[in-house]
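Residue-level structure breakdown
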Amino acid sequence: MGVRVVIGAIVSAVALLVWGFLFWVVLSAPGSAVRALPDEAAWMQALREQLPASGSYVFPYPPRPKPGQEQGAELEAFRERHSRGPVGLLAFNRDGADPLSPLTYLQGLLHFFVASLVASLLLALAQPVLESFGRRAAFVFGLGVFAALAVRPSDVIWWHLPWSQALHGAVYDGLTWLIGALVLAAIVHPSR
């Protein structure tokens, strides 16, 4: 069983990497979930000038409590700015990145391998009740749907990202783990 768990994770990782390339590059699936900045060059120059380092930036930025200090006025001012908008979360990489770097694809493959290995191990643990291919596939697919529903909506709720982006990501996650489920269900099965 242990060999099938690892082989399943490897084959699943490769299948998921190929699927991700097809979804994001060949099918150009980002579509309307993410939009282009108007006057991109001006925005890029402003970001280079204004942001000191790579990282995530949130605006408006909430006040940070100081021990023993009342912050009622600061908090109220923050709530007013937040309510009035704009509100945003900006992921910023000052140095840029090659979108087709082999290192990026290697990291993606490693990410898919680790996730597939966890799913494969859980599938192996649940084998006594998952003897059929359909049950094994449904189990792994259910893990993927659970992960998408547990993570994607929180970005909308807490970071105010658009629902279209969260739903788009959840559809990608669901399709991704449907593929992973079919691969793992075929490879990680009880000994005959």
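The preceding data block contains the structure.
Parameters at a glance
Residues numbered from 1 in each chain as written. Predicted model: local features only at pLDDT ≥ 70, side-chain atom pairs only at ≥ 80, totals over all residues. Heavy atoms only, no water. Helix = DSSP H or I, 4+ residues; strand = E, 2+ residues; numbered from the N terminus. Rg over C-alpha atoms; globule rule 2.2 N^0.38 Å. Core = buried A, V, L, I, M, F, W, Y, C linked by side-chain atoms within 4.5 Å. Buried < 20%, exposed > 50% of the residue type's maximum accessible area, 1.4 Å probe, protein only. Contact = heavy atoms within 4.5 Å. Axes fitted to C-alpha atoms, helices over the stretch in contact; angles between N-to-C directions. Left-handed = near helix turned anticlockwise from the far one by under 90°. Nonpolar A, V, L, I, M, F, W, Y, C, P; charged D, E, K, R; others polar. Salt bridge = Lys/Arg side-chain N within 4 Å of Asp/Glu carboxyl O.

Looking only at helices and strands, the protein features six helices and two strands. Ordering the α and β elements of the protein from the N terminus gives α-α-β-α-β-α-α-α. Taken over the C-alpha trace, the protein has a radius of gyration of 22 Å; the compact-globule value for 192 residues is 16 Å, which it surpasses by more than 25%. In terms of principal-axis extent, the alpha carbons of the protein reach across some 70 × 40 × 30 Å.

Quick look at the nonpolar core now. If you look at the biggest cluster of nonpolar residues, it comprises 19 residues, and the most contacted ones within it are Leu123, Val140, Leu184 and Val188. Of all the secondary-structure elements, those providing two or more residues to this core are helix 1 (2–26), helix 4 (102–125), helix 5 (133–159) and helix 6 (163–187). Here leucine 123 is in contact with Leu130, Arg136, Phe139, Val140, Leu184, Ala185 and Val188, once residues within four sequence places are set aside.

It is worth spelling out the packing of helix 1 against helix 6 at this point. Axis separation between helix 1 and helix 6 bottoms out at 9 Å; the angle between their running directions is 145°. Every pair of crossing elements has a handedness; the one defined by helix 1 and helix 6 is right-handed. Every residue of helix 6 that contacts helix 1 at Arg4, Ile7, Gly8, Ala9, Val11, Ser12, Ala15, Leu16, Trp19, Gly20, Phe23 and Trp24 is listed here: His168, Tyr172, Leu175, Thr176, Trp177, Ile179, Gly180, Val183, Leu184 and Ile187. Of the residues that constitute the contact of helix 1 with helix 6, the class distribution is 15 nonpolar, six polar and one charged.

The subject of this paragraph is the environment of alanine 53. Topologically, alanine 53 is positioned in the loop between helix 2 (40–50) and strand 1 (55–59). In this structure alanine 53 comes out as partly exposed when scored by relative accessible area, which is 35%. Residues alanine 53 and leucine 109, spaced 56 residues apart in sequence, show a C-alpha to C-alpha distance of 28 Å. Those residues within four positions of alanine 53 in sequence are excluded, and the remaining contacts are Phe92 and Arg94.

Moving on, we get to unusual backbone geometry. Across the junction of phenylalanine 59 and proline 60, the peptide omega takes the value -5°, indicating a cis bond. Tracing the backbone shows proline 60 in the loop between strand 1 and helix 3 (72–84). With omega at 0°, the peptide bond leading from glycine 85 into proline 86 counts as cis. Here the phi dihedral of aspartate 39 falls at roughly 50°; this positive angle occurs in a residue that is not glycine. Structurally, aspartate 39 can be placed in the loop between helix 1 and helix 2.

Time to look at the pattern of salt bridges. In the structure shown here, the tally under the stated rule is two salt bridges. Ionic pairing is found between arginine 84 and glutamate 80, a salt bridge with its closest N-O pair at 3.0 Å. Linking arginine 84 with glutamate 80, this pair stays in helix 3, spanning four residues, or about one helical turn. Note on arginine 84: relative accessible area 55%, which makes it exposed. Between aspartate 173 and arginine 152 there is a salt bridge; the shortest N-O distance is 2.8 Å. Residue aspartate 173 is located in helix 6, and its partner arginine 152 is located in helix 5; the two are separated by 21 residues in the primary sequence. Overall, the relative accessible area of 16% leaves aspartate 173 in the buried class.

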